[in-house]
Amino acid sequence: MNKVNLSIEFEMGYCNGYMQCKVLNNDKEIFDIKNNENKILKLDFTTDWPTILRFELTNKDPNRDTAIDENGNILENKYMWLKKFAVNNLPLNEPNLYKIAVFAGKNEIFWDRNETATIELTEDTPTRWLLSLNNVIYLREAP
Amino acid sequence: MSVDILFSSTPWIDGTPCLAPAILKSVVEHNGFSAKTIDLAAYVYQCAQNHPNGNQIQKFCQQQYINFDLGADKIIADLIEDCTEKILAHNPKILGFSMLSQESQFFTMWLSYHIKHVAPDIKIIIGGSGVKNFIAGSNIFYAQELRNLGIIDDFIMGDGEHAMVEYLLNNREFNGINTPTWAQIGNLDDFPFPNFDDYNFDWYNIKSIPVCDSRGCVRKCEFCDIIKHWTSYKYRSGNSVFQEILHQIDKHNIYNFSFYNSLTNGNMKQFEIILDLICDYNQGKVRTKQISWDGYFIVRDQLRHPERLWKKLQKNNAHLLLGVESVVEHVRIGLGKNFKNDAIDYHLEMAKKYNVKVSLLMIVGYPTETKADFEFTKKWFVERKRYAPYIKNVIATLAAILPGTELEKNLANYGVVRDEGTIPIMWQNEEANISESYRYEYLLSFRSLLEQNGFFVSVDDTTLQEVT
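Conventions used here
Residues numbered from 1 in each chain as written. Chains lettered and ligands numbered in written order. Predicted model: local features only at pLDDT ≥ 70, side-chain atom pairs only at ≥ 80, totals over all residues. Helix = DSSP H or I, 4+ residues; strand = E, 2+ residues; numbered from the N terminus. Buried ≥ 20, exposed ≤ 12 C-beta atoms within 10 Å, placed from the backbone. Right-handed = clockwise from strand over helix to strand, strands pointing away. Pairing = 2+ DSSP bridges. Domains from an automatic or database assignment. Nonpolar A, V, L, I, M, F, W, Y, C, P; charged D, E, K, R; others polar.

1. Focus: the overall build of chain A
- Broken down by element type, chain A carries 2 helices and 13 strands.
- By residue count, 28% of the 143 residues in chain A fall in the buried class.

2. What to know about the pairing of strand β11 (residues 318-325) of chain B
All names here are of chain B.
- Of all 8 residues making up β11, 7 are buried, and the element is well covered by its neighbours.
- Handedness of the crossover joining strand β10 (residues 292-297) and β11 through helix α11 (residues 307-315): right-handed.
- Of the strand pairs in this sheet, β11 and strand β12 (residues 357-364) are connected by 6 bridges, and their pairing is parallel. Of the residues in β12, the one forming a bridge with L322 is L360.

3. A few points about the sheet that holds strand β2 (residues 20-25) of chain A
Residues and elements named next belong to chain A.
- Here we have 6 strands laid out as an open sheet, ordered β3-β2-β5-β13-β10-β11, and antiparallel in their pairing. Since the sheet does not close on itself, it has two edges, and those belong to β3 (28-33) and β11 (106-107), each with one partner.
- Judged from the 3 bridges that link them, strand β10 (residues 101-103) and strand β13 (residues 116-121) form a sheet pairing that is antiparallel. Paired with A101 across the strands is I119, a residue of β13.

4. What to know about the domain arrangement of chain B
All names here are of chain B.
- Once the domains are mapped, chain B shows domain 1 (3-188) and domain 2 (209-467).
- A straight line from the C-alpha centre of domain 1 to that of domain 2 covers 28 Å.
- Across the side of domain 1 that touches domain 2, the residue classes tally to 7 nonpolar, 4 polar and no charged.

Below you can see the structure in the form of structure tokens.
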């Protein structure tokens, strides 16, 4: 059994529209996000394991799609921000999001340029992959 | 060929047989379902014993700690896959994980997660004391969250004998199935004897069969959370317990038994029936064919534990785990153990006279103890070093304030303060000027002093890990 359910969530930054993004799973296109209208983008799908996910980002005009005030503070920005990544419902800890996402050659979860991000789902099983990431899960609330 | 349900324990348990899978197997088979058992906790313990980095397995189970320099992630992943294979070999429709304590939580979560990946059609249900963070606590976050995440399908709170059968009958409305509430079983004699047929007794360093003769306790010690879980004391008849012992001897040729309970001598009448039957059984047999047992034992005065009782205990080859808790009389009586120090001395003297093995369960640094009490305790043991050869073990545990206990309610009266949400052994007594680190240092010096005086002392590993 090598099928897994992936659940990926992005915060979408708006400035003259949203980022557009093609999502490729093992080089096959599975999403072509052109008409997103929400601040949160959720992608839920089933895939074989292991695999490589590629996110090809477009629609960012660097001269137009980041609004700043006279002090250089960003007022509006067009971006995709990886907020959640869950494999078979088990979420990655935030530090692990940085470990798995490579954007324009660097470990980065804030994607604000027309570049490609990749996430490699390696190891034989999700269990091995999550353990290799030290993705400890504490389900102990204070008494 | 598939089975309706496979019951398995989950680690971490230190190499002793887990009773619950055997109880549940017999109960559901009695009700017409097919069942298998596997004591995975014992298997994992053996794996840890035999692996050069076996302590990494224990650390993962207890703390979810992964040492990458030692390749612990791969060790754990291999182990999870190994356990999964062992489970799937039985082709179960339902998998029931029995969790003895919260030390089972991490491994259960990861194993369930992996099984759901490789065999998503198998339903997973968890139960046992470890389903909750604290047995008397109201928090069922762990079980609920695992269920929300789809890692398990259902959970059972409290006694599982009736609930498990109802679950197999698809009655999800039964009290205790996916609910924080549950009803304690009234008559423990109603059930068939536990079925250990699938157990591999080679997995245990000491071959011993667990027996449940009672649930709950006759005392109301303020530190204890068991009495909040099983609110009334339920016991089995002595005859039934003895018949079970004979049944297990006949099936497994094992003569050593461990009573799984809070105390063996809660009901003296039934207890003496068991003692008498074992005395009769052991009479005239070679030692290897005699019954022996260990169990928790409350101390009472001489009148209630007369010398004739000790003669029987000797013939029973008993090992008594005496719940002394504190040798400071006012502290011990205050916490709910209403016996004098004379009674402890009497028990030690009887143990020596009749060569009955005893171990002393000690709570080190109870909230009502002062620094002067600490010194008194040390002196008390030094003055009794003549008994050291007869005391198998002094089991020392740092005082823990468990959720839901009377002790927790009384903290302010004792001048105890602690941070919200902290672990149970982290607290300070401001009035007595006793901090966590002071108690920890005291524990170490207590152990050292006793060892110098010939006592064997064991301190719970987890306690030390949590403090250090």
